[in-house]
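# Observations on chain architecture
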Amino acid sequence: MSAASCLRSEDQFLCSICLYVFTDPVTTSCGHNFCKNCITEHWNSNDQYLCPMCKEVFYTRPKLKVNTFISEMVSQFRQEAQQKASSSSSKQQAAKSGEVPCDVCTGTKLKALKSCLVCLTSYCETHLEPHLTVSGLKRHQLMDPVENLEDRMCMKHDKPLELFCKTDQTCVCVLCPILDHKTHEFVPLKEEYEGKKAELGKTEAEIQQMIQKRRLKIQEIKHSVDLSKEDADREKAEGVQVFIALMESVERSLNELIEMIEEKQRTTERQAEDFIKELEQEISELMKRRSEVKQLSRSEDHLHLLQNFPSLKAAPPTKDWTEVSVCPPSYEGTVVRAVAQLEETLSKEMKKLLGEAELKRVQQYAVDVTLDPDTAHPKVILSDDEKQVNHGNVMKNLPDNPERFSPCISVLGKQSFSSGRFYFEVQVKGKTDWALGVARESINRKGKITLTPQDGYWCICLRNGNEYSARNDPPVVLSLQSQPQKVGVFVDYEEGLVSFYDIDAAALIYSFTGCSFTEKLYPYFSPCHNDGGKNSAPLIICPVNQTE
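Throughout what follows, the structure given in this document is the object of discussion. On a predicted model such as this, the values are computed, not experimentally measured, just so you know. (Residues numbered from 1 in each chain as written. Predicted model: local features only at pLDDT ≥ 70, side-chain atom pairs only at ≥ 80, totals over all residues. Heavy atoms only, no water.)

### Focus on the overall build of the protein chain
Applied cut-off: Note on conventions: DSSP H or I runs of at least 4 residues are helices, E runs of at least 2 residues are strands, and numbering of each starts at the N terminus. We compute the radius of gyration from the C-alpha atoms alone; for a globule the expected value is 2.2 Å times N to the 0.38, where N is the number of residues. We call a residue buried when its accessible area falls under 20% of the maximum for its residue type, exposed when it is over 50%, and partly exposed in between, using a 1.4 Å probe and counting protein chains only. By definition in these notes, contact holds between two residues if any of their heavy atoms fall within 4.5 Å. Note that accessible areas follow from Shrake-Rupley with a 1.4 Å probe, and for residues the cover is restricted to the protein chains shown. When charges are counted, Lys and Arg are positive and Asp and Glu negative, with His and the chain ends excluded. Every charge is mapped onto a representative atom, which is NZ of Lys, CZ of Arg, CG of Asp or CD of Glu.
Each helix and strand in the protein chain was counted, giving nine helices and 23 strands. Whereas a compact globule of 548 residues would reach a radius of gyration of roughly 24 Å, the protein chain reaches 57 Å, over 25% beyond that. If one aligns the C-alpha atoms of the protein chain with their principal axes, the spans along those axes are about 195 × 100 × 40 Å. Looking at the 548 residues of the protein chain, the share that counts as buried comes to 32%. At a minimum sequence separation of 6, the contacts of the protein chain that also span at least 24 residues come to 57%. By element, 53% of the accessible surface of the protein chain is carried by carbon and sulfur atoms, the whole surface being about 34,400 Å². Here the protein chain holds 67 positive side-chain charges and 80 negative ones, and the gap between their average locations is 5 Å.

This is how it looks when you write it as structure tokens:
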């Protein structure tokens, strides 16, 4: 039998109470058919005995008997439907783990295609067909298959949850507003769903943004680790270089000590060998003379003995060895003096090596600095490349803008720095007076200027050819081993550090520490007055050649 013939009269086989195919169908006196159990429970739960279809009231409870004709028709219908279900089920897939199974299937549960919110049942393709063709079932609300459909029913009123109570922030049925939430605000589930979906979209975007920020933070942390590793590798390399140099110095001093001791021993041995050689030579001559004397004393020739006696009577000339001795060299204090000398050497070597390592570390932050003509005093002369400045004797006619120094013989660099680290080098060779350092943007550039940190200047200077000082308050006199020919300036903005280096000596000259920088910093240069030509040499900003 075809599917169409099988289902052509299925409306006649559905109970109007349970909406399923009849089970033990009975007929009331008004002619309507119900499942025996459905109509019995309906009358048990109501005060009146009335027909659910036509509302006819029965004053006495009717006695119900199974309608054999309809029962047989239902049985035949069930058999045909089962055959159709068996035929179509072979084409359908059984529900797998995690998939919603059909609630109607017996035996192997097929995968559900839809769930009915009215029937609270999930259906496979075959068992779903009545909901697609029967007029009474078409009005039911279908949705994608879900489990636990009872959770979608109001537990109090046994109705589908179709509304959302905005007051209590909960899902309710159509009876809840009438009975339990009379003064509350309600909206359809779909409306609240759209609103919440939009909120979830915003939440998702916010979470995505948080994820992105954290990914960037991870990259930042990894970058910091990479920088730390680079710093660590560099420090290890510099440490190895310093310690190798120190060990070589120690080994060199040890070799010198051993060589000195061995040389003393060799000198002693040579002296002893010379003495022994001379003594052996005298012994040889004495033995020869003794032999001659002995031979003469045995002579029976009177004349011969008397003639040779004078020459053999006296011993041959020899050295007086009474006061001669070989004194072992004294090694008293040799090791102590060597260690003291080594300590002094190591101290100088270590200062030099550490100075070179420190200088090399700061030189990696070298920046290109040029002089700013708009800040230059009218008497200073700048080179065309804006890398050199010295004092001239002619006052140029320049606009007296607020940035220009007057009357202080000074100029600033064009470049400003408000974070991080930077370094530059300036040649001061041939000058008797100069000042170098950095200055904050808001410094006073007019009238008398005091080069102190309190006034925004961090500088060192030379006066009268040999008087070096750090311009603190009060000034700090600097005792330098040699006159710097080239000075390096290093700034760590966040650390609050300004350091000055003697490039040729690879030595730290002075450091301002604990500084508080809150605005832009500019390189500061003062070539000072010409002093009749004695101080005519320029300050020269030099390219940085990192120390090897």
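Continuing now.
### Quick notes on the packing of aromatic side chains
Note the cut-off: Ring pairs shown here join Phe, Tyr and Trp side chains whose ring centres sit within 6.5 Å, with only the six-membered ring taken for Trp; geometry is labelled stacked below 30 degrees between planes, edge-to-face above 60, and tilted in between. The criterion for a charge sitting over a ring is simple: Lys NZ or Arg CZ within 6 Å of the ring centre, and within 35 degrees of the ring normal.
Evaluation of the coordinates by the stated rule reveals 13 aromatic pairs. Note on Trp 43 and Phe 58: the rings are 6.2 Å apart at their centroids and 70° apart in plane angle, and the pair reads as edge-to-face. Within this pair, whereas Trp 43 is found in helix H2 (residues 36-44), its partner Phe 58 is found in strand E4 (residues 57-58), the two being separated by 15 residues in sequence. Of the two residues, Trp 43 and Phe 58, both sit in the buried class. When the centroid spacing of 6.0 Å and the interplanar angle of 85° are considered together, the rings of Phe 275 and Trp 321 count as edge-to-face. Of this pair, Phe 275 sits in helix H7 (residues 189-297) while Trp 321 sits in the loop between helix H8 (302-313) and helix H9 (334-363), placing them 46 residues apart in sequence. Assessed through its relative accessible area of 18%, Phe 275 is described here as buried. An aromatic cluster is present here, built from Trp 43, Tyr 49 and Phe 58 joined pairwise through their rings. A cation sits over an aromatic face here: Lys 319 above Trp 321, 4.8 Å from the ring centre. In this structure, Arg 445 is placed above the aromatic ring of Phe 405, and the distance from its NZ or CZ to the ring centre is 6.0 Å.

### Brief notes about the layout of surface pockets
Keep this limit in mind: Here a cavity means grid points, on a 1 Å grid over the protein atoms only, where a 1.4 Å probe fits yet cannot get out; a pocket means an open set of points with protein on both sides within 12 Å along at least five of seven lines; lining residues are those with an atom within 4 Å of a point. Grid points are joined across faces, edges and corners, and a volume is the space filled by probe spheres set on the points. Gly is put with the polar residues, along with every residue not named as nonpolar or charged; the nonpolar set is Ala, Val, Leu, Ile, Met, Phe, Trp, Tyr, Cys and Pro, and the charged set is Asp, Glu, Lys and Arg.
Quantified by volume, the second largest pocket comes out at close to 390 Å³. Every residue lining the second largest pocket is counted, 13 residues in all, and those nearest its centre are Lys 351, Gln 481, Ala 505, Ala 507 and Leu 508. Looking at the lining of the second largest pocket, the elements that each hand over two or more residues are H9 and strand E21 (507-512). Take the lining of the second largest pocket: its biggest share by element is three residues, from E21. Residues that form the lining of the second largest pocket fall into these classes: seven nonpolar, three polar and three charged.

### Considerations on the side chain of Thr 334
Along the chain, Thr 334 turns up in helix H9. Those residues in contact with Thr 334 that sit more than four places away from it in its chain are Leu 257, Met 260, Ile 261 and Lys 264.

### Some words on H9
Here is the rule: The span expected for a helix works out to 1.5 Å for each residue beyond the first.
Here H9 spans 42 Å end to end across 30 residues, near enough to the 44 Å set by a 1.5 Å rise per residue. Within the span of H9, buried status applies to Thr 334, Leu 342, Leu 353, Gly 355, Ala 357, Leu 359, Val 362 and Gln 363. If you follow the buried residues of H9, they end up packed against H7, strand E14 (421-427), strand E19 (486-492) and strand E20 (497-502).

### Considerations on the sheet that holds strand E7 (residues 142-143)
Our working rule: Between any two strands, at least two bridges found by DSSP are needed for them to pair. Only the stretch in contact is used when a helix axis is fitted, and all axes are lines through C-alpha atoms; the angle between N-to-C directions ranges over 0 to 180 degrees.
Strand order in this open sheet of three strands is E6-E5-E7, and the pairing throughout is antiparallel. Both outer strands of the open sheet, strand E6 (121-123) and E7, are each paired with one neighbouring strand and no more. Across three bridges, the pairing between strand E5 (residues 114-116) and E6 is antiparallel. Residue pairing for E6: Cys 116 is matched across the bridge by Thr 121. Here helix H4 (residues 125-133) sits on the sheet and contacts E5, E6 and E7; the angle it forms with E6, its principal contact strand, is near 110°.

### So, the nonpolar core
Using the following cut-off: Throughout this description, the term nonpolar core refers to a set of buried Ala, Val, Leu, Ile, Met, Phe, Trp, Tyr and Cys residues connected via side-chain atoms within 4.5 Å.
Among the nonpolar cores identified, the biggest contains 36 residues, and Trp 434, Ile 460 and Phe 525 are the most heavily contacted of them. Counting residues in each nonpolar core, the second largest holds 15 residues, with Phe 13, Ile 39, Ile 70 and Val 74 among its members.

### Concerning H7
In a regular helix each residue adds 1.5 Å, so 109 residues correspond to 162 Å; H7 covers 155 Å between its end C-alpha atoms and thus fits that length. Turning to H7, its buried residues are Glu 192, Glu 238, Val 242, Ala 245, Leu 246, Ser 249, Ser 253, Leu 257, Thr 268, Phe 275, Glu 282 and Leu 296.

### Details of the environment of Ser 325
By secondary structure assignment, the location of Ser 325 is in the loop between H8 and H9. Note on Ser 325: relative accessible area 44%, which makes it partly exposed. With 38 residues separating them in the primary sequence, Ser 325 and Met 287 have C-alpha atoms 23 Å apart.

### A look at the side chain of Asp 372
Quick note on the threshold: Salt bridges, as used here, are contacts in which a Lys or Arg side-chain nitrogen is within 4 Å of a carboxyl oxygen on Asp or Glu. N or O atoms closer than or at 3.5 Å make up a polar contact, with two conditions inside protein: a donor-capable atom paired with an acceptor-capable one, and, for residues adjacent in sequence, both atoms drawn from side chains.
In this fold, Asp 372 is placed in the loop between H9 and strand E11 (380-382). Although Asp 372 lies buried, it forms no salt bridge, and the closest oppositely charged side chain, Lys 414, sits 5.9 Å away as judged by the N-O distance. From its side chain, Asp 372 meets the backbone nitrogen of Asp 374 in a polar contact 3.1 Å long.

### As for the pairing of strand E17 (residues 467-470)
Summarising the sheet, strand E16 (residues 457-463) and E17 pair through four bridges and their orientation is antiparallel. By the bridge assignment, Arg 463 is partnered in E17 with Glu 467. Linking E16 back to E17 in an antiparallel pair, the connection comprises three residues, with Asn 464 at a positive phi of about 60°. Of the strand pairs in this sheet, E17 and strand E18 (residues 476-478) are connected by three bridges, and their pairing is antiparallel. From the neighbouring strand, Tyr 468 faces E18, where its bridge partner is Leu 478. Between E17 and E18, which follow one another and run antiparallel, lie five residues.

What is shown is where atoms sit, not what they do.
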